[in-house]
Amino acid sequence: MTDATQSDTAFRPKPSLPPPPNTVGVIGWLRKNLFGGPVDAILTLLGIYVVYLILQFAVEYGILNAVWTADTYRECLDINKGEGACWAGIGAWFNGMMYGRYPDEEQWRVNLGGIILLLWLIPFWLPKVTGKIQVGMSAVLTFPFLGSALFIGGDLGIFLHVMAAIALTLFVSVWLHVTLCYVAGKSLPQTLVSVTGFADKDDRLHKYVLMGAFGIGFVLAMIYIGTWELQEVPTTIWGGLFLTLVISGIGIASALPNGILLALGRRSKMPVIRVFCTAFIELFRSVPLITILFMAVTMMPLFLPVEINPPKLAMVIVAVCIFAAAYMAETVRGGLQAVSKGQYEAAQAMGLSFWKMMALIVMPQALKLMIPNIVGSFMGLMKDTTLVSIIGLYDILLMGKAAGQNPSWLGFHTEPLLFTAAIFFVLCFAMSKYSQHLERTIGGGYGRR
Amino acid sequence: MSTGFDFLNSTAGFSIAWSIIDYEAGDTYFHVFLVGIANTLIVSFFAILATTLLGFVVGVMRLSSNFVIAKLASAYVEVMRNVPLLLHILFWFTLSSALPPPKQSLGWLDSFFLNNRGFYVPAPVPGDGFDIVIIMVLLGIVAAYGVTVWATKRQFATGQRFPAFWTGVGLIFGLPLLAFLALGAPLTFDYPALKGFNFQGGADVPRAFCALLFALVLYHTVFMAEAVRAGILSVSHGQTEASYSLGLKPSWTLRLVVIPQAMRAVVPPMISNWMNVVKNSSLAIAIGYPDLVAVFMQTSLNQSGHAIEIVAMVMLFYMTVSLTISAALNYYNKLVQIKER
């Protein structure tokens, strides 16, 4: 009896557990990520089946059954019975979807404008170039004038002529600067000063050298632009992706400065400014963009003198800028709130004025924190510009729709939409990846832990 | 140019393709305004409901440990959010024109039909005494709220938990059900049936409504999913571990520790997403769904010419909706925020 009790209470080890399943190598990865249990395995198989269905449809519709050469939509249907895409139509309408009704022989101007803008922005990716802020500012502030001089053409008028000449001078000097940075390792101002022999003279005199050089460049540019003989292309026949990029480009470029001003106004201590900015932001954020666009095209002409009669594009751009600024203001305000109070106090203790405090201490930190949101609202703006098609501007979306209404392409609706979707996907995806890159590089030390 | 709001009383000479409240050509412009508001609100309501539910599913899927499911969800998110909403709407509207004609409708249970004109469902026809059921629903909600308040008080006082949630569900659904059965089921349905070239009877929603709803849900689900994902990621893993070490079951941990903390980070983006759904429903104008912007800001404005008044009324409506949503949810947000110092 006692034996039994003892043997009952004595320590008896349980049999050892089997070793844990393999978690390394291909099998381990599969077990961990795909077949963790019965439910997991079913989900995995279901997921793979869904992917298979999508891929099968995409390949059959987009490649195997697709028609690549045809003259009308009817021909496409005769070949594939509507079971595949008609990419031939995209080929036929490609020019229209890119440039709208911009005359064929003048399209080089659009391309040239695009190339100039790209060249102007390339220094951002070149590590050895100094003064990137000035390069960026010069592009954002003056390219629109050079661009509109190129795109509109005709008789430029004195204002546009002067602004385009300034832009051209700056563009050339940016690239001189870039070349000098790489060849001689010195910036353009330094080179100019040393070449003219002002290097050992008083620093105050240096700016006259720069101004003189700019003046010479400006005069040359004025003369050069005076020789242009460009046929006038009114904004009413602009269209396609070009128009989409013009509207969203101006919207994006104006959003940040206006947004910063509005956000500062909303935090201002002066009641009139604060109330005005708050009302402005809240009003335009709480109504749909389409109502703002309608307002711009129906109401704005009522308030302007009859003789001004602005083109629709100008009114739409104003509406988009207002909308973009209101959204950006809230993003910037979020950033301003995220900067710790100590930073403001430290800047004031150093004796910095309000604008210096903002420009040197607060804004750089606030904007860095908000990079994902800022780029997010740029992307939102770019997508929202498609709404201009509703009020009859022939952007890429409306050009695609027009393709399906053409007599020989009747019914050609799905492919232009897919093509446009692909273009937007590429543009927005690139922007979002670039924002992640920015966040990792200049946003480092803040945000994500 | 004439100004003033007198035009609201004059008759609008156009007809509206579909409306949730009764409308006939010849009703006043003010009636048109109401029709537009109702049409906008009904599509926004369903879109918000579906977006929120699906958003939670997709957001959790993106965090799944299952590789295929997680990648599928992130591919969905990337594709949907990088394509403009207007494109989504036009795309689904174009595709819906490829649905079969009424005679070959896609049917389900002989009472739901989908064809290239729209979606047909049975319409409920309330009989005598159905209003008592409705009153019971309201009573159930009040009772459930009372039980929740009492249960919280008792838990704070004694530490004992009361299954307030399930009691509430029982009250809200059980009470009306009992009343419904006791009154002899006073509800019949009017089934749609194919007569001639189209369906008669039942309730129908036009193709544009379906396409708009589908596109809004597909697009906005992505933003909801991202908010949910960020919310769950924002709860530190230490919280889960701590609650396990207190001996809480995983389901309790999720319900009492993780989700309440995640909701704090989810609610603010959710507010703005809901407001965006209401605002973006205005894109209906592109496919001819008669929402407020289409019937009032376009058709009525073109006919009456009262640009300033009409634009102001439409903007006022959207501002009211946005501010109401944001006020309600900001109140909720205030309740769940961490109370520091």
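Placed above this text is the structure.
The structure contained in this document is the topic of the report that follows. Predicted model, so just to flag it, every value in this text is computed and none were measured. (Residues numbered from 1 in each chain as written. Chains lettered and ligands numbered in written order. Predicted model: local features only at pLDDT ≥ 70, side-chain atom pairs only at ≥ 80, totals over all residues. Heavy atoms only, no water.)

## Notes on the interface of chain A and chain B
One frequent convention defines the size of an interface as the accessible area lost when the parts assemble. Counting residues at the interface gives 45 residues for chain A, matched by 39 residues for chain B. When chain A packs against chain B, close to 3,600 Å² is buried across both sides, 77% of that on carbon and sulfur atoms. Scanning the region where chain A abuts chain B turns up zero salt bridges. Counting the contacts that link chain A with chain B gives seven residue pairs in polar contact (both at pLDDT 80 or more). Counting residues per element, the ones that place at least two in the side of chain A that touches chain B are helix H2 (25–33), helix H3 (38–64), helix H12 (271–286), helix H13 (289–303), helix H17 (371–384), helix H18 (396–405) and helix H19 (414–441) of chain A. Grouping the constituent residues of the side of chain A that touches chain B by class yields 28 nonpolar, 11 polar and six charged. (Contact = heavy atoms within 4.5 Å. Buried area = accessible area lost by both parts, 1.4 Å probe. Salt bridge = Lys/Arg side-chain N within 4 Å of Asp/Glu carboxyl O. Polar contact = N/O pair within 3.5 Å; in protein donor to acceptor, adjacent residues only side chain to side chain. Helix = DSSP H or I, 4+ residues; strand = E, 2+ residues; numbered from the N terminus. Nonpolar A, V, L, I, M, F, W, Y, C, P; charged D, E, K, R; others polar.)

## Things to note about the sheet that holds strand E2 (residues 112–115) of chain B
Residue and element names in this part refer to chain B. Pairing is antiparallel in the open sheet, where four strands are placed in the order E1-E2-E3-E8. Where the open sheet ends on each side, the last strands, each with one partner, are strand E1 (106–108) and strand E8 (203–206). If you compare each strand with its neighbour and ignore which way they point, the axes differ by 15° on average. Bridge count for E2 against strand E3 (residues 118–121) is three bridges, and the pairing is antiparallel. (Pairing = 2+ DSSP bridges. Axes fitted to C-alpha atoms, helices over the stretch in contact; angles between N-to-C directions.)

## Concerning the pattern of salt bridges
All names here are of chain B. By the definition in use, this model includes 10 salt bridges over all chains. A salt bridge links Glu226 to Arg62; its shortest N-O distance comes to 2.6 Å. Residue Glu226 is located in helix H6 (residues 207–234), and its partner Arg62 is located in helix H1 (residues 29–62); the two are separated by 164 residues in the primary sequence. The residue Glu226 makes a salt bridge to Arg81 at a minimum N-O spacing of 3.8 Å. Taken together, the residues Glu226 in helix H6 and Arg81 in helix H2 (residues 67–81) connect sequence positions 145 residues apart. Residue Glu226 is classed as buried on the basis of its relative accessible area of 17%. (Buried < 20%, exposed > 50% of the residue type's maximum accessible area, 1.4 Å probe, protein only.)

## A short note on a nonpolar patch on the surface
A cluster of nonpolar residues, Val26, Ile27, Trp29, Leu30, Phe35, Leu45 and Ile48 of chain A together with Phe67 of chain B, forms a patch on the protein surface that exposes about 760 Å² of accessible area. Mapped onto the nonpolar patch, the elements with two or more residues apiece are H2 and H3 of chain A. For the nonpolar patch, the element with the most residues is H2 of chain A, which contributes four residues. Position of Trp29 of chain A among the secondary structure elements: in helix H2. (Patch = residues over 30% accessible without salt bridge, like charges linked within 9 Å, V, L, I, M, F, W, Y side chains within 5 Å. Areas by Shrake-Rupley, 256 points an atom, 1.4 Å probe, with all protein chains shown as cover.)

## Points about the side chain of Asp40 of chain A
Note that Asp40 of chain A resides in helix H3. Every residue in contact with Asp40 of chain A, bar those within four places of it in the chain, is listed here: Leu34 and Phe35 of chain A together with Asn66 of chain B.

## Overview of the packing of aromatic side chains
For the coordinates displayed, the defined rule picks out 29 aromatic pairs over all chains. Summarising the aromatic geometry, the rings of Trp120 of chain A and Phe143 of chain A are spaced 6.3 Å apart at their centres and angled 85° between planes, so their arrangement reads as edge-to-face. Placement of the pair is Trp120 of chain A in helix H6 (residues 107–121) and Phe143 of chain A in helix H7 (residues 132–152), with a sequence separation of 23 residues. As far as the burial class goes, Trp120 of chain A and Phe143 of chain A line up, both buried. Joined through ring pairs, the aromatic side chains of Tyr102, Phe151, Trp238 and Phe242 of chain A make up one cluster. Looking at Arg101 of chain A, its charged tip hangs above the ring of Tyr394 of chain A, at a distance of 5.6 Å from the centre. Over the ring of Phe93 of chain B we find Arg207 of chain B; its NZ or CZ atom is 4.3 Å from the centre of that ring. (Phe/Tyr/Trp six-rings, centres within 6.5 Å; stacked < 30°, edge-to-face > 60°. Lys NZ or Arg CZ within 6 Å of the ring centre and 35° of its normal.)

## Some remarks on the packing of H1 of chain B against helix H8 (residues 250–280) of chain B
Residue and element names in this part refer to chain B. Running from N to C, H1 and H8 cross one another at 145°; their axes reach a closest spacing of 10 Å. The hand of the H1/H8 crossing is right-handed. Of the residues in H8, those in contact with Ser44, Ala47, Ile48, Thr51, Thr52 and Phe56 of H1 are Met263, Met270, Asn273, Trp274, Val277 and Val278. Looking at the contact of H1 with H8 residue by residue, the class counts come to eight nonpolar, four polar and no charged. (Left-handed = near helix turned anticlockwise from the far one by under 90°.)

## Notes on the environment of Thr169 of chain A
Residues and elements named next belong to chain A. When you line up the elements, Thr169 lands in helix H8 (residues 158–183). Sequence separation between Thr169 and Arg440 is 271 residues; the distance between their C-alpha atoms is 35 Å. In this view, Thr169 contacts Phe214, Gly217, Phe218 and Ala221; residues no more than four positions away in its chain are not counted.

## Focus: the packing of H8 of chain B against helix H10 (residues 307–336) of chain B
The relative placement of two packed helices comes down to the angle between their axes together with the axis-to-axis distance. Residue and element names in this part refer to chain B. Contact pair H8 / H10: the axes reach a minimum separation of 10 Å and the direction vectors enclose 170°. In terms of orientation, H8 lies roughly antiparallel with respect to H10. Each of Met263, Arg264, Val267, Pro268, Ile271, Trp274, Met275, Val278 and Lys279 in H8 lies in contact with H10, whose residues at this interface are Tyr318, Val321, Ser322, Ile325, Ser326, Leu329, Asn330, Tyr332, Asn333 and Val336. (Parallel < 35°, antiparallel > 145°, perpendicular 65-115°, else oblique.)

Geometry only, nothing functional implied.
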